[in-house]
Number of protein chains: 2
Amino acid sequence: MKIKNIKLVVFDAYGTCFDVHSTSSLLKKYIGKNWKNFSNLWRTKQLEYSWIRTIMNQYVDFWKITNDALDYTLEVYKKNKIKKKLLNSYKFLKPYSDLELLINFLKKKKIPRYILTNGSSLMIKNLLKNYKMNKDFNKILSVDSIKIYKPSPKVYKIVTNNFKCSPKNILFLSSNCWDIAGAKNFGFRTAWINRKKIKFDKLGFYPDIELQSLNNLRKILT
Amino acid sequence: MKIKNIKLVVFDAYGTCFDVHSTSSLLKKYIGKNWKNFSNLWRTKQLEYSWIRTIMNQYVDFWKITNDALDYTLEVYKKNKIKKKLLNSYKFLKPYSDLELLINFLKKKKIPRYILTNGSSLMIKNLLKNYKMNKDFNKILSVDSIKIYKPSPKVYKIVTNNFKCSPKNILFLSSNCWDIAGAKNFGFRTAWINRKKIKFDKLGFYPDIELQSLNNLRKILT
């Protein structure tokens, strides 16, 4: 399969470009053998809170959501004293190793690259700065400008408000099922980066293509 | 603490009146020792799908949501052949043992009782019929009439559209944190039935009172 006529590639940030479980060494040190369950609960609550608050019309930014989800997780694990270190680690999430090659490929092909993220622009800009990736993306678009979280169609519309073309000519990349479903619902072409070989959620919308890593995209993007 | 001036008591259905994990004997038989994890994943996906679809403006009713969440869970556990039996079990979820005494108490005090549920009216009416509880509630109100799931403020407004009084004179009962947060956000007084002694979610809204079971409510409702 080949993907043709793509004028813009849009990346989700957390889970797609940056590994939300990448602070494992810190977690192993402070949480111990249950560090994976801890990390999963933190992530689960972060997403739940973004959805529930959107439905309640009670938006707060993703830093506050991340903070609240961490507070909950620390309470469950009775580890309240290490909060500052763990929250700070979210500023240094590692980019996936397959990201750089794809960025260079898209640069060569002169296909612009956007990020569309639940995170605040500041969170993402700082992450990119920490890894000297400031010039990898042409624009950072954040839900913070409209105060509604993914997968609302209003979020994906931020992209076409900033880049005038049909959604069909935009390729959206995400590792998150609910994000792919939302992007497909809006009309983007979608590639699901299924790094962990999980099952796709039953939300009525499915990716155009499923890949195990960003590496596989170079071969089919023509 | 006493709760005064209550003119209507509104019950959440799933998790509050009916135990969503009550099909344990069936699950033990077909899933084996992991039945609790299976049941939790089914419930987690059911809730996630209700929230994600609400945000995507892609409502389907709760029977379809329950079906989709079960499909996902069965795929993960590679147990696709037992679907019909498990889905059917959702029609026979058991009422909690503490429900009947509270209903009788409220009947005596002539306080009307409503159900406000994510489920379709048919799902709840059939459940009540199966347990001969048809006369326990004065009205069954379902999100299906507006096609948006809890915890949207529009859902809680169905109650005051049907029973004219200030939200402050309505007591809302739920075991689900996100439901209590949504009800409180709307303006109801709220009692969180924390049967499993879990931590309350960090959503910016908290219950007026926390109880371990519905039994404790009789003492404080004056």
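Residues numbered from 1 in each chain as written. Chains lettered and ligands numbered in written order. Predicted model: local features only at pLDDT ≥ 70, side-chain atom pairs only at ≥ 80, totals over all residues. Heavy atoms only, no water.

Before going further, it helps to spend a moment on the overall build of chain A. Along chain A, the regular secondary structure elements total nine helices and six strands. Over its C-alpha atoms, taken along the principal directions, chain A stretches across nearly 50 × 35 × 30 Å. Counting across all 222 residues of chain A, residues that qualify as buried make up 57%. Sequence separation of 24 or more characterises 63% of the internal contacts of chain A that already satisfy a separation of 6 or more. With an accessible surface of roughly 10,000 Å², chain A has 50% of that area assigned to carbon and sulfur atoms. Counting 44 positive and 15 negative side-chain charges, chain A places the averaged centre of each group 5 Å from the other. (Helix = DSSP H or I, 4+ residues; strand = E, 2+ residues; numbered from the N terminus. Buried < 20%, exposed > 50% of the residue type's maximum accessible area, 1.4 Å probe, protein only. Contact = heavy atoms within 4.5 Å. Areas by Shrake-Rupley, 256 points an atom, 1.4 Å probe, with all protein chains shown as cover. Lys, Arg positive; Asp, Glu negative; His and termini not counted. Charge placed at Lys NZ, Arg CZ, Asp CG, Glu CD.)

With that settled, the discussion passes to the pattern of salt bridges. If you walk through the whole model with that rule in mind, you get 22 salt bridges over all chains. Measuring nitrogen to oxygen at the nearest pair gives 3.0 Å for the salt bridge that ties A:D201 to B:K45. One end of the pair, A:D201, is in the loop between β5 (189-193) and β6 (209-211); the other, B:K45, is in helix α2 (residues 35-55), on a second chain. B:K150 is the partner of B:D12 in a salt bridge, and the nearest nitrogen-oxygen pair spans 3.0 Å. With a gap of 138 residues between them, B:D12 in the loop between β1 (8-11) and α1 (24-31) and B:K150 in the loop between β3 (139-142) and α7 (153-162) connect regions that are remote in the sequence. (Salt bridge = Lys/Arg side-chain N within 4 Å of Asp/Glu carboxyl O.)

All right, on to the sheet that holds strand β2 (residues 113-117) of chain B then. Residues and elements named next belong to chain B. Judged by pairing direction, the sheet is parallel, and its six strands sit side by side in the order β3-β2-β1-β4-β5-β6 without closing on themselves. Edge positions in the sheet fall to β3 and β6 (209-211), since each has one partner strand and no second. In this sheet, adjacent strand axes meet at a mean angle of 25° when their direction is disregarded. Direction of pairing for strand β4 (residues 170-174) relative to strand β5 (residues 189-193): parallel, over a ladder of four bridges. The partner of F172 across the bridge, within β5, is T190. (Pairing = 2+ DSSP bridges. Axes fitted to C-alpha atoms, helices over the stretch in contact; angles between N-to-C directions.)

Moving on to helix α8 (residues 177-186) of chain B. Among the 10 residues in α8(B), eight count as buried, and that is most of the element. The set of residues buried in α8(B) consists of B:C177, B:W178, B:D179, B:I180, B:A181, B:G182, B:A183 and B:N185. Contacts from the buried residues of α8(B) go to α2 (35-55) of chain A together with α2, α7, β4 and β5 of chain B. Looking one or two places after α8(B), you find B:G187, whose phi comes out positive at around 120°.

Below, the discussion takes up the nonpolar core. Counting 162 residues, the largest nonpolar core has A:F11 and B:F11 as the members making the most contacts within it. Contact partners of A:F11, with chain neighbours within four places excluded, come to A:C17, A:L99, A:L102, A:I103, A:L106, A:R113, A:Y114, A:I115, A:L116, A:F137 and A:L173. (Core = buried A, V, L, I, M, F, W, Y, C linked by side-chain atoms within 4.5 Å.)

Another aspect to go through is the relation of the copies chain B and chain A. When chain B is fitted onto chain A, the two copies agree to an RMSD of 0.0 Å after a turn of 180° and an axial shift of 0.0 Å. Interpreted geometrically, this transformation is the action of a two-fold axis. An overlap of 100% is found between the interface residues of chain B and their copies at the interface of chain A, pointing to a shared contact surface. (Least-squares fit on C-alpha atoms with pLDDT ≥ 70 in both.)

This paragraph deals with the domain arrangement of chain A. Residues and elements named next belong to chain A. Split into domains, chain A comes out as domain 1 (8-19 + 93-219) and domain 2 (24-92). Taken together, the contacts link 19 residues of domain 1 with 16 residues of domain 2. Buried area between domain 1 and domain 2, both sides added, is near 1,500 Å², and the carbon and sulfur share of it is 63%. The three residues of domain 1 that bury the most area against domain 2 are L93, M123 and Y149, which together make up 42% of that side's buried surface. Our count for the domain 1 to domain 2 interface comes out at zero salt bridges. The interface formed by domain 1 and domain 2 contains nine residue pairs in polar contact (both at pLDDT 80 or more). Looking at side-chain class alone, the side of domain 1 that touches domain 2 contains 10 nonpolar, five polar and four charged residues. (Domains from an automatic or database assignment. Buried area = accessible area lost by both parts, 1.4 Å probe. Polar contact = N/O pair within 3.5 Å; in protein donor to acceptor, adjacent residues only side chain to side chain. Nonpolar A, V, L, I, M, F, W, Y, C, P; charged D, E, K, R; others polar.)

Here the focus is the environment of A:R218. All names here are of chain A. Relative to the elements of secondary structure, R218 occurs in helix α9 (residues 217-220). A relative accessible area of 28% means that R218 is categorised as partly exposed. Each C-alpha atom of the pair R218 and F11 lies 15 Å from the other, and the pair is 207 residues apart in sequence. Apart from residues no more than four positions distant in its own chain, R218 is found in contact with L101, L102 and F105. At 3.3 Å, the side chain of R218 forms a polar contact with the side chain of N215.

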